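Next come the chains, spelled out residue by residue.
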Amino acid sequence: MGAPVSEQELSLYNPSILLGLDFFRSPARFSPRISASVPGETWLKVRPLQTGDFYRGFVQILSQLTKVGDISFTQFLNRFAEMKASGDYYITVIVDTRIDKIVGSATLVLERKFIHGCGVRGRLEDVVVDDTYRGKQLGKLIVVTVTLLADYLGCYKMSLDCKDKLIPFYTAIGYVLEPGNANTMSIRYEPGAGGVAITRNRTAASDKPYDTEPS
């Protein structure tokens, strides 16, 4: 999508990890059954984000989810290097190999805690699948993949924030609403006079959400 990619591409994490994920451990039901190693169509591939994915439409697929901005290839590579060096980011993508294009993505972020015996919590973020690929179970596939990945990496739990309409989808995959923790609150920082302009967003079961777009 715009420029040739190097044969010596780097992966964000070891792709062999995905081959060992046991999809039978997930309560999600696939019909027909698919997995990260056998995603259904022979031309689909599930793998870690790679350095050449800038030219395969990774930024464009994210723009179907939320505002991304004008990102250069250099910026992409710098952020990729930072994420890879940290070892805490597991961005997983689905590729249509017929046209060498990213058609789905989800991010697992590891949060290292002192609680739970210095445990690690996983956070599921930035889940998106191209609308034109509906009916192939790809949304379920990418979420289950990173969910099993979090378990493989030793997380004590996986957390996510989603819109009300997506609760049944995540429930079917095995996620549950936490009692007494139905609110999502955030502070966003934006350039402005004095350094930052702070805006507060609040989402509650009884409130109309001001902004529920993943970010």
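Note on numbering: residues in each chain are counted from 1, in written sequence order. Selection of residues for local features in this predicted model requires a pLDDT of at least 70, selection of side-chain atom pairs for listing and counting requires 80 or more, and totals for whole chains, interfaces and linings are taken over all residues. Side-chain metrics rest on all non-hydrogen atoms present in the structure, leaving aside hydrogens and water.

Would you mind going over the overall build of the protein in detail, with residue names and values included?
The numbering of helices and of strands both runs from the N terminus, where a helix is a DSSP run of H or I of at least 4 residues and a strand a run of E of at least 2. In terms of regular secondary structure, the protein is built from six helices and seven strands. For the protein, the succession of helices and strands along the chain, N to C, is α-β-α-α-β-β-α-β-α-β-α-β-β. Each residue is assigned to one of three classes by its accessible area relative to the maximum for its type, calculated with a 1.4 Å probe on protein chains only: buried under 20%, partly exposed between the two thresholds, exposed over 50%. The 215 residues of the protein split such that 39% are buried. Across the protein, every contact between residues at least 6 apart in sequence was considered, and the portion connecting residues at least 24 apart equals 62%. Exposure was quantified through the Shrake-Rupley algorithm and a 1.4 Å probe, taking into account, for residues, occlusion by the shown protein chains and nothing else. Approximately 12,700 Å² of the protein is accessible, and the part contributed by carbon and sulfur atoms is 53%. Should any heavy atoms of two residues lie within 4.5 Å, those residues are considered in contact.

So what's going on with the packing of aromatic side chains? Residues and values would help.
Note on aromatic contacts: the rings of Phe and Tyr and the six-membered ring of Trp form a pair at centre separations within 6.5 Å, being stacked when their planes are under 30 degrees apart, edge-to-face when over 60 apart, and tilted otherwise. Applying the stated criterion across every chain yields a total of eleven aromatic pairs. Ring centres of Y13 and Y90 lie 4.9 Å apart, and the angle between their planes is 50°; this geometry places the pair in the tilted category. Residue Y13 is located in the segment before α1 (16-19), and its partner Y90 is located in strand β2 (residues 89-96); the two are separated by 77 residues in the primary sequence. Ring geometry for Y170 versus Y175: centroids 5.9 Å apart, planes at 90°, classification edge-to-face.

Just give me the short version of the pattern of salt bridges, but keep the residues and values in it.
By definition here, a salt bridge exists when the distance from a side-chain nitrogen of Lys or Arg to a carboxyl oxygen of Asp or Glu is within 4 Å. All chains considered together, the criterion is met by 17 salt bridges. For R79, the salt bridge goes to E82, with nearest N and O atoms at 2.8 Å. Here R79 pairs with E82, and both are found in helix α3 (residues 73-86), just three residues apart, close to one helical turn. Here R79 falls in the partly exposed class, since its relative accessible area comes to 49%. Between E111 and K113 there is a salt bridge whose closest N-O contact spans 3.3 Å.

Go over the side chain of T145, please, and point to the residues and values.
Among the structural elements, T145 can be located in helix α5 (residues 138-152). The contact partners of T145, leaving out residues within four places of it in the chain, are L18, L21, F23, A36, V46 and T92.

Which residues make up unusual backbone geometry, and what are the values?
Cis geometry is found at the peptide bond from S31 to P32, where omega equals 0°. Within the secondary structure layout, P32 lies in the loop between α1 and β1 (44-48). With a phi angle near 60°, C118 is a residue other than glycine that sits in the positive phi range. Take C118: it is sitting in helix α4 (residues 115-118). In the Ramachandran plot, Q137 falls in the positive-phi region, its phi being about 65° despite a non-glycine side chain.

Can you tell me about the sheet that holds strand β3 (residues 101-112), naming the residues and giving the values?
Spatially, β1-β2-β3-β4-β5 is the arrangement adopted by the five strands of the open sheet, whose pairing is mixed. Each edge of the open sheet carries a strand with a single partner, namely β1 and β5 (157-159). This sheet shows a mean twist of 20° between the axes of neighbouring strands, independent of strand direction. Strand pairing follows a simple DSSP-based rule, namely that at least 2 bridges must link the two strands. In this sheet, strand β4 (residues 120-129) lies alongside β3 in antiparallel orientation, the contact comprising eight bridges. Considered in β4, the bridge of S105 is made with V128. Of the strands in this sheet, β1, β2, β3, β4 and β5 are in contact with α5, which crosses β2 at around 150°. Fitted lines through C-alpha atoms give the axes, limited to the stretch in contact for helices. The angle between two N-to-C directions lies from 0 to 180 degrees.

Before we move on, can you summarise the confidence of the model for the protein with the specific residues and values?
In this model, the protein carries an average pLDDT of 86, and 82% of its residues clear a pLDDT of 70 or more. Overall, residues 195-215 carries pLDDT values under 50, and its contacts beyond four positions in sequence, including any with other chains, amount to 47 contacts. Residue-level confidence of the predictor, termed pLDDT, takes values from 0 up to 100.

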